[in-house]
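# Structure assessment
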Amino acid sequence: MTTPRRTVYALVPLPGLSLETVARRSGLHPDVVRKFVALGLLDARREASGRLRFAESAPLDLARLERLRVGLCLNYASLGVVVDLLDRITRLETALRRSGTGSDQQTWT
């Protein structure tokens, strides 16, 4: 005997921001936001309906990506490399500060 399948509906909206909200807050067209997601430069998850949901920090992450792209004339392929390097520098500087051997110089990021 098989158990009948039940459909479960969320009673409250899923946490995170919608594509429209992220696009509006970042000042970018939704297609540009989708492109960043497709290239793996911006994290998003899909709802059961297929709609994208973003972390609260997504507009800030997009602003950073756009600043790098426009300010340094970077193409989309190089954006990932630059962001990864900047994130690594930040982690290394944080580790140095915690160990007490960090320099007094201003950070890169």
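So, here's what we can say about the structure. (Residues numbered from 1 in each chain as written. Predicted model: local features only at pLDDT ≥ 70, side-chain atom pairs only at ≥ 80, totals over all residues. Heavy atoms only, no water.)

## Here's the deal with the nonpolar core
The biggest cluster of nonpolar side chains holds 20 residues, and the ones touching the most others in it are Val33, Phe36, Leu42, Phe54 and Leu62. Looking at this core, the elements that each hand over two or more residues are helix H1 (19–26), helix H2 (30–38), strand S3 (52–54), helix H3 (58–71) and helix H4 (76–99). Looking at which element gives the most residues to this core, the answer is H3, with 4 residues. (Core = buried A, V, L, I, M, F, W, Y, C linked by side-chain atoms within 4.5 Å. Buried < 20%, exposed > 50% of the residue type's maximum accessible area, 1.4 Å probe, protein only. Helix = DSSP H or I, 4+ residues; strand = E, 2+ residues; numbered from the N terminus.)

## Quick look at H3
The end-to-end C-alpha separation of H3 is 19 Å, in line with the 20 Å expected for 14 residues at 1.5 Å each. Packing partners of the buried residues in H3 comprise strand S1 (17–18), H1, H2, S3 and H4. Just downstream of H3 lies cysteine 73, where phi reads positive at about 55°. (Expected span 1.5 Å × (residues − 1). Contact = heavy atoms within 4.5 Å.)

## Comments concerning the pattern of salt bridges
Here the structure, examined in full by the defined rule, presents 4 salt bridges. Glutamate 47 is paired through a salt bridge with arginine 53; the nearest N and O atoms lie 3.6 Å apart. Here arginine 53 falls in the buried class, since its relative accessible area comes to 14%. Arginine 64 is paired through a salt bridge with aspartate 87; the nearest N and O atoms lie 2.9 Å apart. (Salt bridge = Lys/Arg side-chain N within 4 Å of Asp/Glu carboxyl O.)

## Topic: unusual backbone geometry
Most peptide bonds take the trans configuration, and most residues that are not glycine carry a negative phi. One non-glycine residue, cysteine 73, lies in positive phi territory at about 55°. By secondary structure assignment, the location of cysteine 73 is in the loop between H3 and H4. Judged by relative accessible area, cysteine 73 falls into the exposed class, the value being 68%.

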